[in-house]
Every structure is written in structure tokens, then in C-alpha cells.
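# Remarks on the overall topology
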Amino acid sequence: DDYFDYKHDSRTRADISTTSARAHMQKCHYLGEGKATISQLGWAVVGFLSFAALMGAIAFVAQWLIHGWQAAMGIVLYAVLGLIVGINYSGKPLELGFHGFGELVIGLMFGPLCMLGIQAAMTGIMFSWPMFCMSVAIGSMVTNIVYVHSVMEVNADAELGKMTFARLLDNIVAHLSPRASSPHRLKIIFMGLFALVPFIILALGI
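One structure accompanies this document, and this report is about it. Every value quoted in this text rests on a predicted model; they were computed, and no experiment measured them. (Residues numbered from 1 in each chain as written. Predicted model: local features only at pLDDT ≥ 70, side-chain atom pairs only at ≥ 80, totals over all residues. Heavy atoms only, no water.)

## Concerning the packing of aromatic side chains
What the rule picks out here adds up to nine aromatic pairs. Ring geometry for phenylalanine 127 and phenylalanine 132: centres 5.6 Å apart, planes at 40°, overall tilted. Residue classification places phenylalanine 127 among the partly exposed residues on the basis of a relative accessible area of 38%. Chaining the aromatic ring pairs together yields one cluster made of Tyr147, Phe165, Phe190 and Phe194. (Phe/Tyr/Trp six-rings, centres within 6.5 Å; stacked < 30°, edge-to-face > 60°. Buried < 20%, exposed > 50% of the residue type's maximum accessible area, 1.4 Å probe, protein only.)

## Digging into the side chain of asparagine 88
Tracing the sequence through the fold places asparagine 88 in helix H5 (residues 69-90). When residues no more than four places from it in sequence are discounted, the contact partners of asparagine 88 are Pro93, Leu94, Glu95, Leu96 and Gly97. (Helix = DSSP H or I, 4+ residues; strand = E, 2+ residues; numbered from the N terminus. Contact = heavy atoms within 4.5 Å.)

## Side note on the packing of helix H4 (residues 38-67) against H5
At a minimum axis distance of 7 Å, the contact between H4 and H5 shows a crossing angle of 160°. Taken together, H4 and H5 sit at an angle that is classed as roughly antiparallel. Note on packing geometry: the crossing formed by H4 with H5 is right-handed. Each of Leu49, Gly56, Ala59, Phe60, Gln63, Trp64 and His67 in H4 lies in contact with H5, whose residues at this interface are Trp69, Ala71, Ala72, Met73, Ile75, Val76 and Leu83. For the contact of H4 with H5, the per-class residue count stands at 11 nonpolar, three polar and no charged. (Axes fitted to C-alpha atoms, helices over the stretch in contact; angles between N-to-C directions. Parallel < 35°, antiparallel > 145°, perpendicular 65-115°, else oblique. Left-handed = near helix turned anticlockwise from the far one by under 90°. Nonpolar A, V, L, I, M, F, W, Y, C, P; charged D, E, K, R; others polar.)

Structure, rendered in C-alpha cells:
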């Protein structure tokens, strides 16, 4: 995320925003301060992905030997999907995080892709409805954490030119109803959905 963000705009949040509660975080500050170069960060990314690929390869071989190639292919499926979605969070060609879908991508990765992938790696089962339902609940909780912060930071993010899901909802309301008296209603509705979905799934599961 830092790699693509810095390539997209090398300025730090603190440099261009005086209203953000998170301005002190100075995203990518270690690059701006010269503690590391963008090339070094790129090699660090390659190193971590290579280590993850090695761990995945071990799980792949183990599941192939224990449960057959079909079980092993489940690991590949979730790994490839996670890699594609992860890169396109802030990287090209989709740059989903710059178009207002970053929160949803985070929920997808930390929810269904992560949990179903772990199930495939541990048990050889590619998909099961109980795990899928639980992963949607966890993904909704993670999404809500990021989304609530984007709602709180909507004005600062507008100043920064950063498109979050909260800002995307504002744009939708402005487009559909320019004279809407309650432009924040849709944001509150989604906040409620992300917060309540896990408990609804839990109740249905019980």
C-alpha cells in the first residue's frame, strides 16, 4: 500500500492536510525522510511475498499428498485472488482504494479470502457455508473499523483528494438528489449494516 501510494503521490498527509486527525501519522514518512528508498521498499515487498509463497508452497504440497490435487488447487485459488485484489487495492490497473472501494477490499481480504484460504490450507476443504458465513461476519467487522474512520475523516480526505467509501456515498447522494437535506443518511445506513451483519449471521447460525 505504501509503495503504490508513494508512487501515486509522494507528498505526506501532514504536508497537505491541516484538518486531518490522522495528519500526524505522516503516511510513508520513512520514504519522505530518506530512511528508505522506494526501491528498497519494493525489494521488501518482494521479500515478504516470496516468504509467503514459500509457506504457501509447503501447504500446497502437503494438501496434494494428503487430500489430492483438487484440495491443493484451493490454496492456489485463494492465494492468486488475494494477490490480485491486494495489488489492485492501490496499484494499477484498478486502483480500487483510489475509487472509493478500499474499505470493501479490506473486508474481502481479511474476511472471506483470508478465512476460506486458511481453511483450504489447513483442511483441504475449498469452500464451506459455515466458514463463508463466519468470514463475511469478520469481514464486515473489519470493514466497519476502516469505514468509521473514513466517515470521521471525510472532510480531510476531500482536501487530500482521497476517495473513500464514505466520500463515494456522498457523491452518490449528491448525484441522485442534489438538494438532499440529509446527505449523511446513507453513510449512517451502511455503518449500521456493517455493524449489524455479523450479529445477524451469528443469530441465524445459532
